[in-house]
Amino acid sequence: MSLVSKIKEIEDEMARTQKNKATSYHLGLLKAKLAKFKRELIMGPSKGGASGPGEGFDVTKTGDARVGLIGFPSVGKSTLLSKLTETASEVASYEFTTLTCIPGVINYKGSRIQLLDLPGIIEGAKDGKGRGRQVIAVGRTCNLILVVLDAMKPMVHKKIIESELEGFGIRLNRKKPNIYFKKKDKGGINFTHTVAPTHLDVDTVKAILGEYKIHNADVCLRCNATADDLIDVIEGNRVYIPALYVLNKIDAITIEELDLLDKIPHYVPISAHLEWNLDELLERIWQYLSLTRIYTKPKGQIPDYNAPIVIRGGDAATVEVFCNRIHKALAKQMKYALVWGSSVNPIYFYTNTHIKHAY
């Protein structure tokens, strides 16, 4: 039986199984098996002439951040790239116009954001259909994913794309589960929690670890985690990426339909062809990337407001992050930095100080 058949069989059994406390143990086992089979499908065979994980397009990462356009064919990704950047991407009325990754650069608020126009994916991309694996492999390297949807198509496309990305280990708009997990040589399974768990118990945890042939480990739940969260931590290859749902071609729908679509979280309505609401899209990209502009000030001179240094991290950004953006050795050599924010007087900051404290 092929891996795809095994995956389909487990998914069908999970769909037939009722979800309650009595079946949580069985579902946990099935989810662990499913995760293992999906990893084997993505990574390929461990021996022989394996090509390794899904091969992506060879595009050099440049700029302050990378944003990827992912969606079904003919939803307006190429048009959006052409409008936001100075890059010309082929546009036509037929599907699969774009057959490779086309990069462009957005110049916004002094930053240079790399925008990638990726070929359209189809349902089953995570299983190897079309060029889906290559597209999603590039998506794993992005700092932000723009899921481009056609306003005239059913919104079930949103669920399909989310499922394809989930199957490749991409978690959209989610934070990494706060679970401590460490293998050890002996001592059995030590299961503790700081938050009362409602989805996991010690038997389910042991069953999931047993599927991975792990019989000695420390597991501490610091959140109300699910079996999926625990499997993600054990796998260790998940990426957590913010995403915006870009609803294109709103010029072809009514105001009433647009009001209904407004209930979708993390969404931005646009019309790439007519250039409607592109300013709002750029501002949301800036916010979701958590970019911060830092202006350097030579001693005894005025600050240089023409060429800011852009760093990612938002409130979590530190002086050390800023130093590493200039040169890796700078943080080790410096003793302190003078940082100006909304306060009048400069503040002495050390490398581990959060820059947000200057605001």
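Residues numbered from 1 in each chain as written. Predicted model: local features only at pLDDT ≥ 70, side-chain atom pairs only at ≥ 80, totals over all residues. Heavy atoms only, no water.

Before going further, it helps to examine the nonpolar core. Counting residues in each nonpolar core, the largest one holds 59 residues, and the members touching the most others are L80, I145, L146 and I285. Membership of the second largest hydrophobic core comes to 21 residues, among which are A32, V205, I208 and L230. (Core = buried A, V, L, I, M, F, W, Y, C linked by side-chain atoms within 4.5 Å. Buried < 20%, exposed > 50% of the residue type's maximum accessible area, 1.4 Å probe, protein only.)

On to the environment of S82. When you line up the elements, S82 lands in helix α3 (residues 77–84). The sequence separation of S82 and G104 amounts to 22 residues, and the corresponding C-alpha distance is 8.3 Å. (Helix = DSSP H or I, 4+ residues; strand = E, 2+ residues; numbered from the N terminus.)

Here we take up the packing of aromatic side chains. Each aromatic ring pair is summarised here by two numbers: the centre-to-centre distance and the angle between the ring planes. Counted under the stated rule, the structure contains two aromatic pairs. Relative to W286, the ring of Y108 has its centre 6.1 Å away and its plane inclined at 70°; by these criteria the two rings are edge-to-face. Of this pair, Y108 sits in strand β2 (residues 102–108) while W286 sits in helix α9 (residues 278–289), and the two are 178 residues apart along the sequence. (Phe/Tyr/Trp six-rings, centres within 6.5 Å; stacked < 30°, edge-to-face > 60°.)

A word on the sheet that holds strand β7 (residues 189–193). Spatially, β6-β8-β7 is the arrangement adopted by the three strands of the open sheet, whose pairing is mixed. Each edge of the open sheet carries a strand with a single partner, namely β6 (179–183) and β7. Sheet twist, expressed as the mean angle between neighbouring strand axes with direction ignored, is 5°. Of the pairings in the sheet, the one linking β7 to strand β8 (residues 217–221) comprises five bridges and is parallel in character. When the sheet's bridge partners are listed, H193 is paired in β8 with L221. The sheet contacts of helix α6 (residues 202–211) involve β6, β7 and β8, and relative to β7 the element is tilted by about 135°. Across the sheet, helix α7 (residues 227–235) is in contact with β6 and β8; its angle to β6 comes to roughly 45°. (Pairing = 2+ DSSP bridges. Axes fitted to C-alpha atoms, helices over the stretch in contact; angles between N-to-C directions. Contact = heavy atoms within 4.5 Å.)

One way to say it: the disulfide is the covalent bond shared by the sulfur atoms of two cysteines. Here the structure, examined in full by the defined rule, presents zero disulfides. Free cysteine C101: the closest other cysteine sulfur is in C142, separated by 8.1 Å. (Disulfide = S-S within 2.5 Å.)

This part takes up unusual backbone geometry. Backbone geometry at K109 places phi at a positive 55°, although glycine is not the residue there. Here the phi dihedral of N173 falls at roughly 55°; this positive angle occurs in a residue that is not glycine. Position of N173 relative to the elements: it lies in the loop between β5 (170–172) and β6.

Let's shift gears to α9. An α-helical segment advances 3.6 residues per turn. Residues three or four places apart therefore align on the same side. In this model α9 runs 17 Å from its N-terminal to its C-terminal C-alpha over twelve residues, within 8% of the 16 Å that 1.5 Å per residue would give. Positive phi shows up at S290, right after α9, with a value of about 55°. (Expected span 1.5 Å × (residues − 1).)

Moving on: the side chain of R284. With respect to the secondary-structure elements, R284 resides in helix α9. On the basis of relative accessible area, R284 is assigned to the buried category, the value being 16%. Residues in contact with R284, not counting those within four places in the same chain, are L244, H266, Y267 and V268.

Attention shifts here to the side chain of N143. Assignment of secondary structure puts N143 in the loop between α4 (132–139) and β4 (144–150). Residue classification places N143 among the buried residues on the basis of a relative accessible area of 15%. A distance of 2.8 Å separates a polar atom in the side chain of N143 from the backbone nitrogen of R66. In contact with N143, not counting residues within four places along its chain, are K61, A65, R66, I241, P242, L289 and R312. (Polar contact = N/O pair within 3.5 Å; in protein donor to acceptor, adjacent residues only side chain to side chain.)

Below, the discussion takes up α4. Burial analysis of α4 places six of its eight residues in the buried class, which makes it a mostly covered element. Where α4 is concerned, the buried positions are G132, V135, I136, A137, V138 and G139. Buried residues along α4 sit in contact with β1 (65–71), β3 (111–117), β4, α5 (156–167), β5 and β9 (239–241).

β1 sits mainly inside the fold: seven of its seven residues count as buried. By the alternation rule, side chains of β1 split into A65, V67, L69 and G71 and R66, G68 and I70, which are all buried. In the sheet, β1 pairs with β3 via five bridges, with the strands oriented parallel. Paired with G68 across the bridge in β3 is L116.

A pair of packed helices is characterised by two quantities: the angle between their axes and the separation of those axes. Where α3 meets α9, the axes come as close as 12 Å, and the angle between the chain directions of the two elements is 85°. In terms of their interaxial angle, α3 and α9 are classed as roughly perpendicular. For the pair α3 and α9, the contacting residues are L80, K83 and L84 in the first and L278, L281 and L282 in the second. Taken together, the residues of the contact of α3 with α9 sort by class into five nonpolar, no polar and one charged. (Parallel < 35°, antiparallel > 145°, perpendicular 65-115°, else oblique. Nonpolar A, V, L, I, M, F, W, Y, C, P; charged D, E, K, R; others polar.)

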